[in-house]
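Here is how the chains run, residue by residue.
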Amino acid sequence: MLKYYAKTDIGLHRSCNQDSYITITNNFGDFLALVCDGIGGGKAGDVASGEFVSYFERIFKDSGPFTSLEMAKEYITYYLRMANRHVYELSLTSKSLYGMGTTVTGILITSFGTLSINLGDSRVYGVLDKRLFRLTNDHTLVNQMLMNGEITYEESINHPKKHFLVKAAGVFEEIDFDVHKVKDMKYYLICSDGLCGYVKDDELLNIVDSYEYDTCRQKCDELVNLALLKGGYDNITVVVVEP
């Protein structure tokens, strides 16, 4: 039986929480978890992330049945694009909303397998055989430079432009999301960069794969607490899933 828990925290330095999340199961037992981290500071990032997850709150319950993983991929790809368009069109209705956007990261678990979903720099991790696997690729300027061989991994860690996004939802009318089949894992961890931007991979692994914190809720609580101990510089959102 699938188990999960989700938690969000404003952090210690922000005046509002621009993160939003959804954990939802449709009528056929397929499970969707999304974490959205609003961008743009005062540019209504909370509205962008909130509207994106609200879109899936309205439509996912009645999705399916999926008869293959390919069908599930076609479904989620289509509606990710529709949700993007919804946020974009909303941004055109008001000067205070214009330019708003959000990262989108998550997983769709079906009886045929699991899909990772990503746009931006929030992340999905998997834990298996006492190892942590990063299942998504950051859409950041620094990661682009790293992949092009322009900087080293060491230089990327504290690069002054490490948070500059090259892709986000809601900023343009059309955008392509990364949607990929991923290996079955013991745990999945979905988080905004308020966690993964400040907590090291080995620290994430030690908590998610720990017997000391044996429930998804305990794991989430401890991950959020650690991000706060690291300074709590950003909003923190964490979803731990045990399929």
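For the structure itself, look to the data block above.
Residues numbered from 1 in each chain as written. Predicted model: local features only at pLDDT ≥ 70, side-chain atom pairs only at ≥ 80, totals over all residues. Heavy atoms only, no water.

A. Local environment of the sheet that holds strand E10 (residues 187-191). Pairing within the open sheet is antiparallel, and its five strands lie in the order E1-E11-E10-E7-E8. This sheet does not close on itself; its edge strands, each paired only once, are strand E1 (3-9) and strand E8 (131-134). Strand-to-strand twist of the sheet, defined as the mean angle between neighbouring strand axes without regard to direction, takes the value 15 degrees. Inspection of the sheet shows E1 paired to strand E11 (residues 236-242) by seven bridges, in the antiparallel sense. Within E11, the position partnered with Tyr-5 by the bridge is Val-240. Against the sheet, helix H6 (residues 201-208) contacts strand E7 (123-128), E8 and E10, and its axis sits at roughly 120 degrees relative to E8. Of the strands in this sheet, E1, E10 and E11 touch helix H7 (residues 216-229), which is tilted by about 155 degrees from E11. (Pairing = 2+ DSSP bridges. Helix = DSSP H or I, 4+ residues; strand = E, 2+ residues; numbered from the N terminus. Axes fitted to C-alpha atoms, helices over the stretch in contact; angles between N-to-C directions. Contact = heavy atoms within 4.5 Å.)

B. Structural context of the nonpolar core. By size, the foremost hydrophobic cluster in this structure holds 31 residues, and its most contacted members are Leu-32, Phe-52, Phe-56, Ile-76, Leu-80, Val-104 and Phe-177. Secondary structure elements with two or more residues in this core: strand E2 (19-25), strand E3 (31-39), helix H1 (45-59), helix H2 (69-91), strand E5 (104-110) and strand E6 (113-119). When near neighbours in sequence (up to four residues on either side) are disregarded, Phe-52 contacts Leu-34, Cys-36, Leu-80, Ala-83, Asn-84, Val-87, Thr-102, Val-104, Ala-169 and Phe-177. Formed by 23 residues, the second largest nonpolar core is a distinct cluster that contains Leu-189, Cys-220, Val-224 and Val-238. (Core = buried A, V, L, I, M, F, W, Y, C linked by side-chain atoms within 4.5 Å. Buried < 20%, exposed > 50% of the residue type's maximum accessible area, 1.4 Å probe, protein only.)

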